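# Structure assessment
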Amino acid sequence: MREPDPAGAAAAPPASPAAPRWSDPAWLDTLRAHGDPVGDACARAMAAEADAREAAGLRPANVTRGVLARLRENDLRLPTDAPAPLRDFFDATYRWCPSCGGPELPAWVDRGRIIRGQKAFMERSVPALLVLLCKSLPEGYAAPSMAIVLNMSGDLRARPYHRLMGTLQLLLEVTEPYSFERSGIALVAGQEMRLLHAGVRTNVAPRVLGADGLARFTARYGTPINQEDMIGTIVGFSLLVVEGLATLGLPLDERTAEDYYYVWKVFAHLMGVRVPGLPEDADHMPPTLADARAFYAAYRRHYVGPTAPTGDFRAAALAANPDGVALADAHVTMLGRFIAGREARAGVSGDDGTDATGLVGGALESAGEHAARRYVHLLTGDAACARIGLAPPSGWHLLGELLAALPRWWERVWDHADPEVHVAASEWLFGRLVHDTFRRGVRYPLPTSVDDLHALSMHG
């Protein structure tokens, strides 16, 4: 079964050549009216079932979480007793190959490019993760349309480390070599993210913002988690990682960088990024890194706040984007604790990690946060930091130079290891971090209420 065209697709402008399309703000603005009609229909139906259970006095359980957990454990096949809305969703979006007994990718996908891109990430996994944490994620907080949604439940501020571990699991599932092959976990991860976004867009946002608040949000920013914002997120995980590695003195060659970008381009398709009117288009994302750069230059029109750390820039940033500043503060604090080794121990013990008593503990945390701020500033620059209220780090200039050089030193040692060791070590490290926090890993639900997001933050 093929996905239907999104509602209202006839109103979308005709496709133009790739580069003009992806750098045209007027055309990109049309994407902000569109979410994911197929996923949203499923989310609405599942919320109606949850409301009916609650009205009947039954315990409201997130059925989707259990179904998706069984999907992962049962050869990636949707259980036959899954609710009808989920069966309809998977029938429309999850291609199944009867002859090989597994999910399959669209016919246009180049499997060789995916595997090359995945191996390229694994060979630079540690500095690439550093870029993701200190550039990709904080830069995105400068867009209020993203920050408001991310901050909707309050859990991202309260438990940023838990959110980081969820992101790390997704990163591993997308970049682990062969994860897109038949019976590969990346295809399930794409469906999970698609349902998570649909639930937030359709069920959580209206309840948290209220009818009037949602109307104001939509009038100003477009549909929550709209097509352009989803593309912006994927570009953050791909283009910005490529650019950040170059900033660290570890540039990827042109072909390798394009292959890494291609991995995320295919994943975007799996998680529901669809240009209105072009649901099967292989160019549903900017087709090349050059087009992604053109897109990101246009996407920055959504970033608000001061662009220089002068005067009372933090007050200006708070006034323009209070959610983004709050998220950035929590994120940098979490990174500092993580660098100091305190956040990881809190995740293992179940503690929320807020106690920083003791001379040694406080000193380690202070040094870790200073290092985190150094890396964020190095990788994003003055303008990006000012937008989210982060002052440039002062003092310790020698430390700044050492931190900037550290990734290059690491890679000189790392390059002596066999590439297969890179993959195995990265898989072990990422997997260990995730499972030390969430014993069974993260199971993304289709949220029917904000309580489902709280449960995700607490328990995975």
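Preceding this paragraph is the structure being described.
A few points on the structure. On a predicted model such as this, the values are computed, not experimentally measured, just so you know. (Residues numbered from 1 in each chain as written. Predicted model: local features only at pLDDT ≥ 70, side-chain atom pairs only at ≥ 80, totals over all residues. Heavy atoms only, no water.)

### Quick notes on the overall build of the chain
- Secondary structure summary: the chain contains 21 helices and two strands in total.
- Here the chain holds 460 residues, and the buried ones make up 56% of them.
- Across the chain, every contact between residues at least 6 apart in sequence was considered, and the portion connecting residues at least 24 apart equals 76%.
- In the structure as shown, the chain presents an accessible area of about 18900 Å², 57% of it carried by carbon and sulfur atoms. (Helix = DSSP H or I, 4+ residues; strand = E, 2+ residues; numbered from the N terminus. Buried < 20%, exposed > 50% of the residue type's maximum accessible area, 1.4 Å probe, protein only. Contact = heavy atoms within 4.5 Å. Areas by Shrake-Rupley, 256 points an atom, 1.4 Å probe, with all protein chains shown as cover.)

### Structural notes on the packing of helix H3 (residues 37-55) against helix H11 (residues 185-221)
- At a minimum axis separation of 8 Å, H3 and H11 run at an interaxial angle of 60 degrees. In terms of axis orientation, H3 runs oblique to H11. Like other packed secondary-structure pairs, H3 and H11 cross with a definite hand, here right-handed. Here Val38, Gly39, Asp40, Cys42, Ala43, Arg44, Ala47 and Asp51 of H3 lie close against H11, whose contacting residues are Arg194, Leu195, Ala198, Gly199, Arg201, Thr202, Asn203 and Arg207.
- Of the residues contributing to the contact of H3 with H11, the split by class is six nonpolar, four polar and six charged. (Axes fitted to C-alpha atoms, helices over the stretch in contact; angles between N-to-C directions. Parallel < 35°, antiparallel > 145°, perpendicular 65-115°, else oblique. Left-handed = near helix turned anticlockwise from the far one by under 90°. Nonpolar A, V, L, I, M, F, W, Y, C, P; charged D, E, K, R; others polar.)

### Some details on a nonpolar patch on the surface
- Taken together, the side chains of Leu402, Leu406 and Trp409 define a hydrophobic patch exposed on the protein surface, amounting to about 280 Å² of accessible area.
- Within the secondary structure, Leu402 sits in helix H19 (residues 397-414).
- Classification of Leu402 as partly exposed rests on a relative accessible area of 39%. (Patch = residues over 30% accessible without salt bridge, like charges linked within 9 Å, V, L, I, M, F, W, Y side chains within 5 Å. Salt bridge = Lys/Arg side-chain N within 4 Å of Asp/Glu carboxyl O.)

### Points about the environment of Arg44
- On the secondary structure map, Arg44 appears in helix H3.
- Residue Arg44 is classed as partly exposed on the basis of its relative accessible area of 48%.
- Along the backbone, Arg44 and Ala198 are 154 residues apart, and their C-alpha atoms lie at a distance of 8.7 Å.
- Beyond its immediate stretch of four places on either side in the chain, Arg44 contacts Thr202 and Asn203.

### Some remarks on the nonpolar core
- Ranked by size, the top nonpolar core spans 110 residues in total, and within it Phe180 and Phe267 carry the most contacts.
- Considering every element that reaches this core, the biggest residue donor is H11, with 14 residues.
- Not counting residues within four places of it along the chain, the set of residues in contact with Phe267 comprises Leu170, Val174, Phe180, Ala186, Ala189, Gly190, Met193 and Ile234. (Core = buried A, V, L, I, M, F, W, Y, C linked by side-chain atoms within 4.5 Å.)

### Points about the pattern of salt bridges
- A complete count under the given rule lists 18 salt bridges for this structure.
- Here Arg70 ties to Asp81 by a salt bridge, and the two come within 2.8 Å at their closest N and O atoms. In this pair, Arg70 is assigned in helix H4 (residues 63-73) and Asp81 in the loop between H4 and helix H5 (84-93), connecting sequence segments eleven residues apart.
- The shortest N-O distance in the salt bridge between Arg72 and Glu192 comes to 2.7 Å. Of this pair, Arg72 sits in helix H4 while Glu192 sits in helix H11; the two residues are 120 residues apart in sequence, bridging distant segments of the chain.
- What makes Arg72 buried here is its relative accessible area of 15%.

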